Amino acid sequence: MGSLAAADEPLPQLKYPQARRDDSIVDDYHGVLVPDPYRWMEQLDSEEVEEFVGAQAAVADAVLSTCDEHRGRLRKQLTALFDHPRFRAPFKRGDGSGSGSYYFYFHNPGLRPHSALYVQHGLGGDPSVLLDPNAFSDDGTVSLGMVGVSDAGDYLAYGTSASGSDWVTIRVMRVSDREHLPDTLNWVKFSRIAWTRDGLGFFYSRFPAPRDGEALDSGIKTDVNLNHEVYYHFLGTNQSQDVLCWRDPDHPKYIYIPEVTEDGKYVVLSVSETSDPVNKLYYCDLSSLAHGLEGMKGTDGMLPFVKLVDKFEAYYGLIANDGTEFTFLTNKDAPRYKLSRVDVGEPESSWTDVLPEHDKAVLESACAVHGDKYVHKLLVNYLSDVKYVLQMRSLVTGELLHDIPIDIGTVNGISGRRVDSEVFVEFASFLTPGIIYRCDVSAEVPEMSVYREISVPGFDRNEFEAKQVFYPSKDGTKIPMFIVSKKDLNLNGSHPALLFGYGGFGMSVTPQFSVTRVVLMRHLGFVACVANVRGGGEYGEGWHRAGALASKQNCFDDFAAAGEFLVSAGYTNPTRLCIEGGSNGGLLVAACLNQRPDLFGCALAHVGVMDMLRFHEFTIGRAWTCDFGCSENEEEFHWLIKYSPLHNVRRPWEKGGRGWGGQYPPTMLLTADHDDRVVPSHTLKFLATMQHVLRAGEEGSPQTNPIIARIERKSGHGCGRSTQKIVCSLLSSRAAATSDLVLAPVLALNCSVLFVNAWQIDEAADRYAFAAKMMGVSWID
């Protein structure tokens, strides 16, 4: 394990703040008494918490000041390499023809704080900036949270988020002259913007405004979010006049996401309660409303939704409808997902499988695309051994029409609709910064051509190699892992290694390009590793469930086994193995830190869930009980208390500890003061507990390795940070094909499905300079 002796020069004697312990706070969990002496840290707006944060920041600054040489070089290299143009796939609105349509896309020329939304008339038209989030605030802390363009392409509704919060404010702009309408919608959270075909307005979701009228300070206000509602907003009207479409006071924990079918006839409501891949499904035939949505104004009635699926038994995602025939992506009796169809016009109609579950690969997404009168087509996307496979199939029969060859990597999004004869496919890999393909789906054989390719000046993919290995976990299960490094690596056990993991909520960690990874490999000699531990979605729901609830320990065993493999195979050794993860991955790192402090030379845990007994008490934490369980249930309490990071810090050097006579490795915990997904108190309580139990900074304590925290100000759960500072994105999801959302609504622990765990340049320079210093890694010019 790494220690200060391995660093270039010893750190000064650190003096940690002595956090007040309130020993009177003891909770009784089913007869087990559990102290919670730092409960006061849950009051994030208190003066005492602010003083504690300031004192811990001073300790971190003292440590990081000794890392300045690496820190300055990292910041310079990251900034230089990240200064390159970036594009997202365009999405089309308008009459459906190439010349009469408007194309919308996001673009950043280099180091602008945020990507701007551009529009052009026709594929060959001159682009112009439609909306520039860089103008939202002077310091870049207000970001674009979601966008929705009306079907005709004449109006843009967009949501802004302050300081990385999940709370969103929606505004509306006329596309033709960039004129803002007076419309302003507040209290929006976990929503999408779903325009009706007529362009008169859109559906959205929100929570009730606080009764006392006080504004929420995101990240400080940590109350549980209850009583989600669905409204319809007419353009040019006040929010107070919005039509209440659905609420259910009997189920205050339900979350509702509306979606309008492409033909404009139906609004479909997805109903969720947790982050589990299960939902209820309601629909409303808008044409059945005698006086349309206008007739709902001023009434107390809600839309007459029909409950198509009224049990939380499986996931259903709308793919397409042809009249009353609806096709859904589902895991009903299919843990690797399939496509099923039902006729909602026939009350007794049974569900039929259009595309059955594959025997090995996971069906990630399906997009209904243009077809002639004889063949209606689907562009489907499979995940096979954590590698993507694209196919064109018949929407009617599911029959394979054509394989569409792509390199080994990740399909980050598919942009296209039934009316379009073209779709755009976003692709990236460990060694491919990004390619946007244009696919002509009207041709008999789909034609894929490069529409745009992202080039990073100074990056030569031929310097590096990426490969996939499979290693055994503690119970013998084979776990896939990607290893990226310089070519022709000498496996002599001397290299620093960075091991990343997530392992939760069915989220898959797939190949992505990372500027940070390139800098670490090139200038610090790192081997970058991504372990696809159980709990993720890499092999479907079976893989997810094998790392959830009573089986959560499998995640930690898989991650530790990844470290052991890297050591035994000669990639690294324990003094030079750094582990990293964010959110659920932060929990992963912290739990492994407690269980195997001997295996790691450094640990970086971002915005982790550290208090497994109380996470459900804050904001949307209740939605995670599907993966973790809940301490209010006796059986589940006993699962949680065994690995909860906050409750399992031990002194390794004491008899009866972890069976090893050393200390904890150098550790940096990272959080943000406005994180209202995983509230900062998780990290603050864990930090205070580690420093107290390990007697950090005390004379004679074996714990000489630093235990510090980096606390970002005016920032949230990795979301909404300026793209000037974004350096990596790792998670993908089957929801990522949504083309009209910047940040799709999710209840899970990832930041979002499109932009996940985006670290800042300054933050990246800090944490990797810390890791390099602690593990004695030298700079390579």
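The structure displayed is predicted, hence computed values, not measured ones. (Residues numbered from 1 in each chain as written. Predicted model: local features only at pLDDT ≥ 70, side-chain atom pairs only at ≥ 80, totals over all residues. Heavy atoms only, no water.)

K.L.:
Lay out the overall build of the protein chain in plain terms, naming residues and giving numbers.
P.N.:
For the protein chain, the count of helices and strands is ten helices and 41 strands. Within the protein chain, residue pairs in contact and separated by at least 24 positions form 62% of the contacts whose partners lie at least 6 positions apart. About 28100 Å² of surface is accessible on the protein chain, with carbon and sulfur atoms providing 48% of the total. (Helix = DSSP H or I, 4+ residues; strand = E, 2+ residues; numbered from the N terminus. Contact = heavy atoms within 4.5 Å. Areas by Shrake-Rupley, 256 points an atom, 1.4 Å probe, with all protein chains shown as cover.)

K.L.:
Hey, could you go over the nonpolar core for me, with residue numbers and the actual values?
P.N.:
In this structure, M481, L499 and F628 are the most contacted members of the largest nonpolar core, which totals 131 residues. Broken down by element, this core gets its largest block of residues, nine residues, from helix α10 (residues 761–774). Residues C367, V369, L395 and V411 belong to the second largest nonpolar core, which totals 33 residues. (Core = buried A, V, L, I, M, F, W, Y, C linked by side-chain atoms within 4.5 Å. Buried < 20%, exposed > 50% of the residue type's maximum accessible area, 1.4 Å probe, protein only.)

K.L.:
Outline the environment of D322, supporting the account with residue identities and numerical values.
P.N.:
Here D322 lies in strand β20 (residues 316–322). Looking at D322, the relative accessible area reads 37%, which means it is partly exposed. Setting aside anything within four residues of it in sequence, one finds D322 in contact with L395 and R418.

K.L.:
Can you lay out the sheet that holds strand β30 (residues 432–440) for me, pointing to particular residues and giving the numbers?
P.N.:
Strand order in the open sheet formed by four strands is β28-β29-β30-β31, and the pairing between neighbours is antiparallel. Lying at the two open borders of the sheet, with one neighbouring strand each, are β28 (410–415) and β31 (447–453). In this sheet, adjacent strand axes meet at a mean angle of 25° when their direction is disregarded. Where β30 meets β31, six bridges bridge the pair, whose relative direction is antiparallel. When the bridges of β31 are listed, I436 appears paired with R452. (Pairing = 2+ DSSP bridges. Axes fitted to C-alpha atoms, helices over the stretch in contact; angles between N-to-C directions.)

K.L.:
Go over the packing of aromatic side chains with me, naming the residues and quoting the values.
P.N.:
Any two aromatic rings considered together are summarised by their centre-to-centre distance and by the angle between their planes. Tallied over the full model, the rule gives 39 aromatic pairs. When the centroid spacing of 5.5 Å and the interplanar angle of 15° are considered together, the rings of Y105 and Y118 count as stacked. Here the residue Y105 occupies a position in strand β5 (residues 101–108), and Y118 occupies one in strand β6 (residues 116–121), the gap between them amounting to 13 residues. Taking the relative accessible area as the measure of exposure, Y105 reaches 3% and is therefore buried. Here the aromatic rings of F615 and W624 are separated by 6.1 Å at their centres, their planes lie at 15°, and the arrangement is stacked. (Phe/Tyr/Trp six-rings, centres within 6.5 Å; stacked < 30°, edge-to-face > 60°.)

K.L.:
Report on the pattern of salt bridges, specifying residues and quantitative values.
P.N.:
This model, assessed by the stated rule, comprises 42 salt bridges. Two residues, R174 and D177, come together in a salt bridge whose shortest N-O distance is 3.0 Å. On the basis of relative accessible area, R174 is assigned to the partly exposed category, the value being 28%. The class of D177 is partly exposed, set by a relative accessible area of 40%. Here K297 makes a salt bridge to E294, at a shortest N to O gap of 3.4 Å. Given the relative accessible area of 35%, K297 is considered partly exposed. Three or more residues are tied together by salt bridges with common partners; here these are D68, R71, E580, R710, E712, E763, D766 and R767. (Salt bridge = Lys/Arg side-chain N within 4 Å of Asp/Glu carboxyl O.)

K.L.:
Run through the pairing of strand β21 (residues 325–330), naming residues and quoting values.
P.N.:
For β21, a buried count of five out of six residues is recorded, marking the element as mostly surrounded by other parts of the structure. Judged from the six bridges that link them, β20 and β21 form a sheet pairing that is antiparallel. Directly across from N321, in β21, lies its bridge partner F326.

K.L.:
Which residues make up helix α2 (residues 68–82), and what values go with them?
P.N.:
Look at α2: 21 Å from first C-alpha to last across 15 residues, which is about the 21 Å you get at 1.5 Å a residue. Residues H70, R71, L74, L78, L81 and F82 constitute the buried set of α2. Looking straight down α2, one finds its buried side chains confined to an arc of 115°; they lie on one side. What points out from α2, more than 90 degrees from its buried face, is the exposed set E69, K76 and A80. Residues of α2 that are buried make contact with α1 (47–64), β3 (86–87), α3 (515–524) and α10. (Expected span 1.5 Å × (residues − 1). Arc of directions from axis to C-beta.)

K.L.:
Before we move on, could you go through the state of the cysteines and cite the residues and values that matter?
P.N.:
Counting across every chain of the model gives zero disulfides. Note on C578: no disulfide assigned, nearest cysteine sulfur contributed by C602 at a separation of 4.1 Å. (Disulfide = S-S within 2.5 Å.)

K.L.:
Before we move on, could you go through the environment of T689 and cite the residues and values that matter?
P.N.:
Tracing the sequence through the fold places T689 in helix α9 (residues 681–693). When its relative accessible area of 11% is taken as the criterion, T689 is described as buried. Once residues within four sequence positions are removed from consideration, T689 is found in contact with Y38, L646 and V649.

K.L.:
Tell me about the sheet that holds strand β36 (residues 527–531), and please be specific about residues and values.
P.N.:
The sheet built from eight strands is open, its strands ordered β32-β33-β36-β34-β37-β38-β39-β40 with mixed pairing. Only two strands of the sheet have a single partner each, and these edge strands are β32 (464–472) and β40 (707–712). In this sheet, neighbouring strand axes are inclined to one another by 20° on average, regardless of whether the strands run parallel or antiparallel. Across five bridges, strand β37 (residues 577–582) lies against strand β38 (residues 602–606) in parallel orientation. Counterpart to E580 in the pairing with β38 is L604. In the packing of α1 onto the sheet, contacts are made with β39 (667–672) and β40, and the angle to β40 comes to roughly 110°. Strands in contact with α10 are β34 (497–500), β37, β38, β39 and β40; relative to β38, the strand with the most contacts, it is inclined by about 155°.

K.L.:
I'd love a proper account of the pairing of β32, names of residues and values included.
P.N.:
Pairing analysis gives nine bridges linking β32 to strand β33 (residues 478–486), with the strands arranged antiparallel. Within the sheet, the bridge partner assigned to Q468 lies in β33 and is F482. Counted along the chain from β32 to the antiparallel partner β33, the turn is five residues long, and its residue G476 has a positive phi close to 95°.

K.L.:
Describe α9, and please don't skip the residues or the numbers.
P.N.:
Here α9 contains 13 residues, and its C-alpha end-to-end distance of 18 Å stays within 8% of the 18 Å for a straight helix at 1.5 Å per residue. Along α9, the residues that are buried comprise S681, H682, T683, L684, K685, F686, L687, A688, T689, M690, Q691 and V693. Considering only its buried residues, α9 is in contact with α1, α6 (584–595), β39 and β40. One or two positions beyond α9, positive phi appears at R695, with a value near 55°.

K.L.:
Lay out the packing of α2 against α10 in plain terms, naming residues and giving numbers.
P.N.:
As a packed pair, α2 and α10 sit with axes 8 Å apart at the nearest point and diverge in direction by 135°. By the angle between their directions, the pair α2 and α10 is classed as oblique. Crossing angle aside, the handedness with which α2 passes α10 is right-handed. Along its contact with α2, which presents H70, R71, L74, R75, L78, T79 and F82, the element α10 presents I761, D762, A764, A765, D766, Y768, A769, A772 and K773. Here the contact of α2 with α10 is composed, by residue class, of nine nonpolar, two polar and five charged. (Parallel < 35°, antiparallel > 145°, perpendicular 65-115°, else oblique. Left-handed = near helix turned anticlockwise from the far one by under 90°. Nonpolar A, V, L, I, M, F, W, Y, C, P; charged D, E, K, R; others polar.)

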